[in-house]
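# Commentary on secondary and tertiary structure
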Amino acid sequence: MPGITREEVAHLARLARLELKGEELDHFAGQLDDIIGAVARVSEVADQDVPPTSHPLPLTNVMRADEVRPSLTPEQALSGAPAQEQQRFKVPQILGEE
């Protein structure tokens, strides 16, 4: 018999607004019990001398530092635009909003 009951699965389904059939309740009860068992096994492995981690390998930030570099002027950027307004690209309105 699974540790998660059919009634508990039905309750979870109601909270998630899922409509489940009787055989689905039994099927998911077994699956949820397996998941809880797997999590319990992982919890048993964790030991006091093992610090919690989010990744098995140390990660470092690989982004470069922000540096000001020469770039296009607004006029250069807009030079090929079919329409422009107030130093911005002008595009057709698509949502009907102002």
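What comes next is a walk through the structure. Note that this is a predicted model, so its numbers are computed, not measured.

### Re the overall build of the protein
- Per the secondary structure count, the protein includes three helices and two strands.
- Starting at the N terminus, the α and β elements of the protein follow one another as α-α-α-β-β.
- Computed over its C-alpha atoms, the radius of gyration of the protein comes to 28 Å, more than 25% above the 13 Å expected for a compact globule of 98 residues.
- Taken along the three principal axes of its C-alpha coordinates, the protein extends 75 × 50 × 20 Å.
- Pairs at least 24 residues apart make up 26% of the contacts formed inside the protein by residues separated by at least 6 positions.
- Accessible area for the protein stands at about 9,600 Å²; split by element, carbon and sulfur atoms hold 57% of it.
- Here the protein carries 9 positive and 17 negative side-chain charges, and the mean point of each set is 8 Å from the other.

### Some thoughts on the nonpolar core
- In terms of nonpolar packing, the biggest core is built from five residues, these being I4, V9, A10, L25 and A29.
- Of all elements in the fold, only α1 (6-15) and α2 (22-45) reach the threshold of two or more residues within this core.
- Excluding its chain neighbours within four sequence positions, the residues that come into contact with L25 are R6, V9, A10 and L20.

The rules we used
Residues numbered from 1 in each chain as written. Predicted model: local features only at pLDDT ≥ 70, side-chain atom pairs only at ≥ 80, totals over all residues. Heavy atoms only, no water. Helix = DSSP H or I, 4+ residues; strand = E, 2+ residues; numbered from the N terminus. Rg over C-alpha atoms; globule rule 2.2 N^0.38 Å. Contact = heavy atoms within 4.5 Å. Areas by Shrake-Rupley, 256 points an atom, 1.4 Å probe, with all protein chains shown as cover. Lys, Arg positive; Asp, Glu negative; His and termini not counted. Charge placed at Lys NZ, Arg CZ, Asp CG, Glu CD. Core = buried A, V, L, I, M, F, W, Y, C linked by side-chain atoms within 4.5 Å. Buried < 20%, exposed > 50% of the residue type's maximum accessible area, 1.4 Å probe, protein only.

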